[in-house]
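A closer look at the structure
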Amino acid sequence: MKYTTARSITTLLFALATEVLAERVDINNYFRLISDVHKYYHTSCVIFADLDTTTLMHTWSREFSRRRVMTMTVTFADLVSGYNKYRDTIVRPLFVVLLDTSEAMSEFAKATRNIKPMSFPAWLVVFLQRPGNPLEKYCRHPAGNVFNVDFSTLMLVKCYDQPILMEWYGVHDNHTGTFKLATWSPSKGLLLRTRKSLVARRCDMFGEKFRVASVRESPFFSVENGGTIGGFLGLLLIELSRAMNFTMEILDPVDAYGSWNQQRNMWTGVIGQLVVGKADIGVSEFTLMPGRMDVVDFTLPLIHSRSRLYFKQPDSTDVHWSGYFQAFSSGIWIMIVTIIITASILLTVMKAKKCFSASLLFENYMRVWGIFCQQSLSEFPNELSMRLAFFSIYVSAFIISSAYSASLISYLTLTTVSLPFSTLEDYIKDGSYKLIITKDSVDYDVIKHMKDPVYLKMNKLLEEKYLPVVLSEGFKQICERKNLGYLVSEASKNAVALPCKVMHIDTGRIDSLAMVLPKDSPYTIFMNYQ
C-alpha cells in the first residue's frame, strides 16, 4: 500500500514538472519554429544567444545536426566581442534569442547597442510564457527602439502564444516599425501573409530626414537660390524621396569629393562628412574605387564614363614648319632631288666633254637648283643641245612647282587638327605638356597611389599648385594656358560649358559613377531597389 501511494505521488510530481516545462518551452514546437525560420531566411547556421538551458541546447543541437545544420551557443558578452569576427567568417547566420524576464530583455538590449550593423544576421526573438507574462505589453506594442534595430534589420518576433510572426525594424532611432510577415503553428508551419520581398514591403521611411552633402559646382547636382534642386542626380533624389517617403536637408556644398589625407589622418570632402556622420548621403558623381568602398557604401552605378585626358584644340592657322613638306609624299621628294642631281651631272658632261671638274659640276648644280627655285640663268648657252637641256629642265621645274603649289593650298585648306601624340605613352614621352587633375578626386588618388608605370610617370608631370577645385576651373586653365592636359571623365566634360574647343586621348579606364552613403547604411539596398 505504501509503495503504491509513493509511486502515485512520484508520478504526479513528474507530470506536474513536465507540464510546467512544456508551458515554458515546448522543445519540439520551438525546434520546428526555429527550423522554419532558418529555411525562410536561407541562413548558414543557427546561433543560440545566451541559452542557459543545457538540456534544451543539446536537444536542439542534436536535432539540427541530424539535418546537417551547424549550431553554437554564445553569451551576450561573447556576441558583442566576436560580432565582427562572425561577419568576416560566417555567411548570414540566424541568431535565436529567448526572452522571459525583464532582466533578460535588458541584457539583450544592452548587447545590441554595441552591435553594428544589426542587419548582418537574421534574428528570431521569442518571448516565452511565464506567470504573469511581464513582457507582454512591450511584446505586443513595442515602444521606442530597445533592440536598436535599423531599417534593414531582419528580425522576426513571436510574442507568447500568438500565431503571428511580427517583423521588427527601425524607422527612427526611437521608433520600431512592425509588419505582420507570417503566421506559424506546429501543424501548418510557417505561412507567409505576403509575397513581397523585403525591399518591396519596406518602402516607407515615414518622413525621416536625410542630410544631403554635395560637391560645389557638381555637373549633376545643383541647388538654386530658391532651394530648387536640379541636375540629373538632383532629379533622381527627388524621385527617391517621393518613392521612399523621406525629407531632405541640403547641406552647404564642399570643395572636394573626398580622399585620404595622410598628414591629417582623415578623409576629406563629402566622403569625410559621411565617415564622421555629418551627412546621410552624398549626391554627386562619385567614382567607385577600392579605397573608398572600404569606408562608404555606393549605390548601383548610375553613369558609366570613359576617363580621358583633355587638351585645348590646336589652332589650325598655326602650321608647323614640317607642314610645308606634307604637300608631297616622301617618294616624290626623293624623285625631285634625284632629278636635280642627275640634271646637274648631265649638264656637266655635255659642257665639259673631255675635262670633268668638281667646280663645273657645282656650277651646274647651282643653275639647276636656281631653275627649280624659279630663278633665271645669268646667260643662256649658244649650243643647241644645251638649250634643249635647259628648256627641258625649265619645263620640269614649272610642272613640279605648279603641282606643289596646288597640293600645298589643298593641304592648308583641308588640314586636320591633331595633337602631337595619340596615346598616354606618347604623351609621357613627349613631355612638353603638363597635367592637372581635380583636387581630392578619384583621378588624383589614381595618379598618386597607382603603381602602374604609366601613372607613375604622369605623376611627375602633375602641377600640384595649379590643381582646380571644380570642373569649370580645370577647363578654363587648359584653354588659357599652353601645353596643359586635364584628366577627367567624359560624362563630367559633357555636363559643363566649355570655354574653348578641346581634344582628348583615352586613358583606357572606364569609371562607374554613383551616389554614396555611410558604410553599412541600412538604406543602401532599398535605394538600389527603387
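Residues numbered from 1 in each chain as written. Predicted model: local features only at pLDDT ≥ 70, side-chain atom pairs only at ≥ 80, totals over all residues. Heavy atoms only, no water.

UniProt's Subcellular location (unreviewed entry) comment on the chain is quoted here verbatim: "Cell membrane". Note on the chain: under the UniProt heading Sequence similarities (unreviewed entry), the record states "Belongs to the glutamate-gated ion channel (TC 1.A.10.1) family." (UniProt positions renumbered as here; feature names shortened; annotations may be inferred.)

1. Comments concerning helix H17 (residues 453-460)
Restricting attention to buried positions, one finds in H17 the residues Val454, Tyr455 and Met458. For H17, the angular spread of the buried residues around the axis is 90°, confining them to a single face. Of the exposed residues in H17, the ones pointing more than 90 degrees away from its buried face are Pro453 and Lys460. The inward-facing, buried residues of H17 abut helix H15 (424-430), strand S18 (434-437), helix H16 (442-449), strand S19 (484-489) and strand S20 (502-518). The backbone nitrogen of Val454 has a side-chain oxygen 2.9 Å away, supplied by the residue at the start of H17, namely Asp452. (Buried < 20%, exposed > 50% of the residue type's maximum accessible area, 1.4 Å probe, protein only. Helix = DSSP H or I, 4+ residues; strand = E, 2+ residues; numbered from the N terminus. Arc of directions from axis to C-beta. Contact = heavy atoms within 4.5 Å. Polar contact = N/O pair within 3.5 Å; in protein donor to acceptor, adjacent residues only side chain to side chain.)

2. Focus: unusual backbone geometry
Each neighbour pair has its own omega, and for Lys116 with Pro117 the value is -5°, a cis peptide bond. The phi dihedral of His42 is positive, around 55°, even though this residue is not glycine. Looking at where His42 falls in the secondary structure, it is placed in the loop between helix H2 (27-41) and strand S1 (45-49). Of note, the phi angle at Arg68 is positive, near 60°, even though the residue is not glycine.

3. Notes on the side chain of Arg308
Looking at where Arg308 falls in the secondary structure, it is placed in strand S17 (residues 303-312). Taking the relative accessible area as the measure of exposure, Arg308 reaches 13% and is therefore buried. Only 3.5 Å separates the side chain of Arg308 from the side chain of His504, close enough to count as a polar contact. Within the structure, Arg308 has its side chain in polar contact with the side chain of Asp506 (distance 2.7 Å). The residues contacting Arg308, other than those within four sequence positions of it, are Tyr486, Leu487, Val488, Glu490, His504, Ile505, Asp506 and Thr507.

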